[in-house]
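# Tertiary structure, described
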Amino acid sequence: QVQLVESGGGLVQAGGSLRLSCAASGRTFTMAWFRQAPGKEREFVGGISWTGSTTNYADFVKGRFTISRENGKNTRYLQMNSLKPEDTAVYFCAARSGLELRFEQSQYDYWGQGTQVTVSS
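On a predicted model such as this, the values are computed, not experimentally measured, just so you know.

Mapping Gly 63 onto the fold places it in the loop between β6 (55-57) and β7 (65-69). Here Gly 63 falls in the exposed class, since its relative accessible area comes to 84%. Taking the C-alpha atoms as reference points, Gly 63 and Ser 82, separated by 19 residues in sequence, lie 9.3 Å from one another.

This is how it looks when you write it as structure tokens:
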């Protein structure tokens, strides 16, 4: 059984930065970040393949967010820079056993508990 634990959320001013971490126990392959703002549906933020050679991001975070992995650890990071109030949401990491990076929530087998990110204006 795979467990995902996120950390690193918090309150930050617009223009600031945060780094989220997602530590996975068990074997995982592709991992991704999603977010859900109040009253909105959960949406794909970005993902990274098992090898780390492929990343993909939603248009609204391109150039501001970066996903990376730490060699030797089953941990992924979401570095968020130039944060905007509209980035306020609960951020979830997700993992799937397949090797292909996918955008759809339904393709992910395991989910973390979520971490709140609040960006003040």
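Now that the structure has been shown, we can carry on.
What follows covers the pattern of salt bridges. According to the stated counting rule, one finds six salt bridges in the structure shown. Close ionic contact of Asp 59 with Lys 62 constitutes a salt bridge, the shortest N to O distance being 3.2 Å. With a shortest N-O distance of 3.3 Å, Glu 104 and Arg 102 are connected by a salt bridge. Exposure remark for Glu 104: the relative accessible area of 35% places this residue in the partly exposed category. The network of salt bridges with common partners includes Arg 35, Glu 43, Arg 64 and Asp 87.

Let us look at the packing of aromatic side chains. Tallied over the entire structure, the rule returns six aromatic pairs. When the ring of Phe 34 is compared with that of Tyr 108, the centres are 5.5 Å apart and the planes differ by 75°; the resulting orientation is edge-to-face. Note that Phe 34 is positioned in strand β4 (residues 30-36) and Tyr 108 in the loop between β9 (89-96) and β10 (110-111), a separation of 74 residues in sequence. Among the residues examined, Tyr 108 registers a relative accessible area of 5% and is labelled buried. Seen from their ring centres, Phe 34 and Trp 111 are 5.0 Å apart, and the 50° between their planes marks the pair as tilted. Residue Phe 34 is found in strand β4, and its partner Trp 111 is found in strand β10; the two are separated by 77 residues along the sequence. Owing to a relative accessible area of 0%, Phe 34 belongs among the buried residues under this scheme. Taking relative accessible area as the criterion, Trp 111 reaches 27% and is therefore assigned partly exposed. Taken together, Phe 34, Phe 44, Phe 92, Phe 103, Tyr 108 and Trp 111 form an aromatic cluster joined through their ring pairs.

Cut-offs applied
- Residues numbered from 1 in each chain as written.
- Predicted model: local features only at pLDDT ≥ 70, side-chain atom pairs only at ≥ 80, totals over all residues.
- Heavy atoms only, no water.
- Helix = DSSP H or I, 4+ residues; strand = E, 2+ residues; numbered from the N terminus.
- Buried < 20%, exposed > 50% of the residue type's maximum accessible area, 1.4 Å probe, protein only.
- Salt bridge = Lys/Arg side-chain N within 4 Å of Asp/Glu carboxyl O.
- Phe/Tyr/Trp six-rings, centres within 6.5 Å; stacked < 30°, edge-to-face > 60°.

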